[in-house]
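Each chain, letter by letter, is given below.
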Amino acid sequence: MQKHLHCVIPVKWLLTCPWTLLIMTSFEAADTEETVTCLHLTFYHPGQGEKMMFRCLNFCSREQVRADDTAKFGRDSSVCRYSLMDTRVSRIQFSLQFYRKLHTLEYGFEIKNLSKKTKLTVDQTELGYLNKIDLPWRCIICFGDYQILAEVQEGEAVDYFETHLHLAEAPILQEKCLPCLPSLQPVPENGISPSIFLSQEKSPTEIDENDLYLEDQIL
């Protein structure tokens, strides 16, 4: 019967071994891996099986986008990073901009409607041309017959973010039960919100031209 000899190496020898020191030094010098903010977008259109308007989108893997790039969605593939092959879609439908929130370490996205002919809805908020708001961490973006579920997975990286596209087989508004989020006031391109000039307790009302005429007559 053979006997196996076990060689016991003192710990002090291991600590002075060049290979051990090299491994320890490499481990200590390695950068801490940062998590990356990922924007998950799930697309749906009732005619996607027949018209295949999403055929130019990458549903297979995540894509990296530079933090200073504006992610545009629309019909024009020469301008838009994410192309929708539909003649009813505007050349540039909307854009998403990654940014860092003021005085915090948090990051978010800003969505802007770039279509002159189609209004964009983010949950209960309707955006006209060049209106923009902060994208909620989970919301539904709608324009025409398009439904897009947007979900933000927060990260720490500052140089880039990732997008992960998905394709829904059923309408998102029926499949997803989202909580009723408060409606946000769209911010125009100049950055000045109309809510600044309105009392929080009052809502804007339409004024009839006949009412203005009667007031002029009284005055």
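Residues numbered from 1 in each chain as written. Predicted model: local features only at pLDDT ≥ 70, side-chain atom pairs only at ≥ 80, totals over all residues. Heavy atoms only, no water.

Participant: Help me out: how do you make sense of the environment of isoleucine 140 in this one?
Facilitator: Structurally, isoleucine 140 can be placed in strand β10 (residues 138-143). With a relative accessible area of 5%, isoleucine 140 lands in the buried category. For the pair isoleucine 140 and phenylalanine 43, spaced 97 residues apart in sequence, the C-alpha to C-alpha distance is 9.9 Å. (Helix = DSSP H or I, 4+ residues; strand = E, 2+ residues; numbered from the N terminus. Buried < 20%, exposed > 50% of the residue type's maximum accessible area, 1.4 Å probe, protein only.)

Participant: Hey, could you run me through the packing of aromatic side chains in this one?
Facilitator: Each aromatic ring pair is summarised here by two numbers: the centre-to-centre distance and the angle between the ring planes. Summed over the entire model, instances satisfying the criterion amount to 11 aromatic pairs. Between phenylalanine 43 and phenylalanine 59, the ring centres sit 6.4 Å apart and the planes meet at 80 degrees, which makes this aromatic pair edge-to-face. In this pair, phenylalanine 43 sits in strand β1 (residues 38-44) while phenylalanine 59 sits in the loop between α3 (48-51) and β2 (63-66), placing the two residues 16 residues apart along the sequence. Of the residues examined, phenylalanine 59 reaches a relative accessible area of 25% and is grouped as partly exposed. (Phe/Tyr/Trp six-rings, centres within 6.5 Å; stacked < 30°, edge-to-face > 60°.)

Participant: I would appreciate a short explanation of the nonpolar core in the present structure.
Facilitator: Note on soluble globular proteins: their nonpolar side chains tend to be buried together. Counting residues in each nonpolar core, the largest one holds 33 residues, and the members touching the most others are Leu41, Phe43, Leu96, Ile111 and Leu135. Secondary structure elements with two or more residues in this core: β1, β3 (70-74), β5 (94-100), β6 (107-113), β7 (120-122), β10, β11 (146-153) and β12 (160-167). At four residues, β11 tops the list of elements feeding residues into this core. If you look at the next biggest cluster of nonpolar residues, it comprises six residues, including Tyr44, Cys142, Leu149 and Ile172. (Core = buried A, V, L, I, M, F, W, Y, C linked by side-chain atoms within 4.5 Å.)

Participant: It is not clear to me how the pattern of salt bridges should be interpreted in this structure. Could you clarify?
Facilitator: Side chains that carry opposite charge are capable of pairing whenever their charged atoms lie near each other. If you walk through the whole model with that rule in mind, you get nine salt bridges. With a shortest N-O distance of 3.7 Å, glutamate 63 and arginine 81 are connected by a salt bridge. Remark: arginine 81 occurs in the loop between β3 and β4 (82-83) and glutamate 63 occurs in strand β2; sequence separation between them is 18 residues. Classification of arginine 81 by relative accessible area gives partly exposed; the value is 40%. Among the salt bridges present, the one from glutamate 110 reaches lysine 132, with a minimum N-O distance of 3.8 Å. Taken as a pair, glutamate 110 in strand β6 and lysine 132 in strand β9 (residues 132-134) lie far apart in primary sequence, 22 residues in all. Residue classification places glutamate 110 among the partly exposed positions, given a relative accessible area of 24%. (Salt bridge = Lys/Arg side-chain N within 4 Å of Asp/Glu carboxyl O.)

Note that all results are geometric; they support no functional claim without further evidence.
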